[in-house]
Amino acid sequence: MIPMLNFKLQSVTTTEIILINKRTLNGEQLKFNLSRRCRKSDGKGNEYIGECSAELLLVDEENIERDDRTFYVKVALNGTFICNESQEDITDEALHSSTMLELLPHVRACLASTMTNAGLTPYIIPNSIIPEFS
């Protein structure tokens, strides 16, 4: 069971979009990475900043510098949240799970639309990639 917090999403901001598309993909194996973190905001006592990024790269270019890759897509978003829970109820696990539940649809849409707008077949992030959701 996912420990969920009483989170209210205040805003979502796209902080980074990178698309390198220098070759046609013909069934090459891709690697998907998803990273996330959440931290207390410097502002209000009950405000948090969630950060989530998704990247898609060719497996055979995994150890190559980003600028030298022939295919790479990355999107990163930040969300501002208000949490109306008492501080003793807020665990790291609940914080990260709640943040991901709120931000994942936005990251999924941003990645898919970025790829679609570039004329690529979009990658749709499945819920099963996140252990808390499977």
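Remember, it's a predicted structure, so these values are computed and weren't measured experimentally. (Residues numbered from 1 in each chain as written. Predicted model: local features only at pLDDT ≥ 70, side-chain atom pairs only at ≥ 80, totals over all residues. Heavy atoms only, no water.)

Asker: What's the story with the side chain of Thr114 in this structure? I'm lost.
Answerer: Within the secondary structure, Thr114 sits in helix α1 (residues 92-117). One polar contact links the side chain of Thr114 to the main-chain carbonyl oxygen of Cys110, over a distance of 2.7 Å. What Thr114 contacts, discounting residues up to four positions off in sequence, is Ile17, Leu19 and Val75. (Helix = DSSP H or I, 4+ residues; strand = E, 2+ residues; numbered from the N terminus. Polar contact = N/O pair within 3.5 Å; in protein donor to acceptor, adjacent residues only side chain to side chain. Contact = heavy atoms within 4.5 Å.)

Asker: What is the right way to look at the sheet that holds strand β4 (residues 71-83) in this model?
Answerer: One key point about sheets: their strands pair by backbone hydrogen bonds, in either a parallel or an antiparallel sense. Ordered in space as β1-β4-β3-β2, the 4 strands form an open sheet in which the pairing is antiparallel. At either end of the open sheet lies a strand with only one pairing partner, and these are β1 (7-21) and β2 (30-40). Here the average twist between neighbouring strands, direction ignored, is 10°. Two elements, strand β3 (residues 47-58) and β4, share 11 bridges in a ladder whose sense is antiparallel. Each bridged residue has a counterpart across the sheet, and for Ile49 the counterpart in β4 is Thr80. (Pairing = 2+ DSSP bridges. Axes fitted to C-alpha atoms, helices over the stretch in contact; angles between N-to-C directions.)

Asker: What is the right way to look at the pattern of salt bridges in this model?
Answerer: When the charged atoms of two side chains with opposite charge come close together, those side chains can pair. Within this structure, the stated rule accounts for 6 salt bridges. Between Glu16 and Arg66 there is a salt bridge whose closest N-O contact spans 4.0 Å. Pair noted here: Glu16 is in strand β1 and Arg66 is in the loop between β3 and β4, with a separation of 50 residues, a long-range link. Salt-bridge contacts for Arg37 lead to Glu51; the nearest nitrogen and oxygen are separated by 2.6 Å. Separated by 14 residues along the polypeptide, Arg37 in strand β2 and Glu51 in strand β3 bring together distant segments of the chain. (Salt bridge = Lys/Arg side-chain N within 4 Å of Asp/Glu carboxyl O.)

Asker: Hey, could you run me through the packing of aromatic side chains in this one?
Answerer: Geometrically, a pair of aromatic rings is defined through the distance of the ring centres and the angle of the planes. Counting across every chain of the model gives 3 aromatic pairs. Seen from their ring centres, Phe32 and Tyr123 are 5.1 Å apart, and the 35° between their planes marks the pair as tilted. Remark: Tyr123 occurs in the segment after α1 and Phe32 occurs in strand β2; sequence separation between them is 91 residues. (Phe/Tyr/Trp six-rings, centres within 6.5 Å; stacked < 30°, edge-to-face > 60°.)

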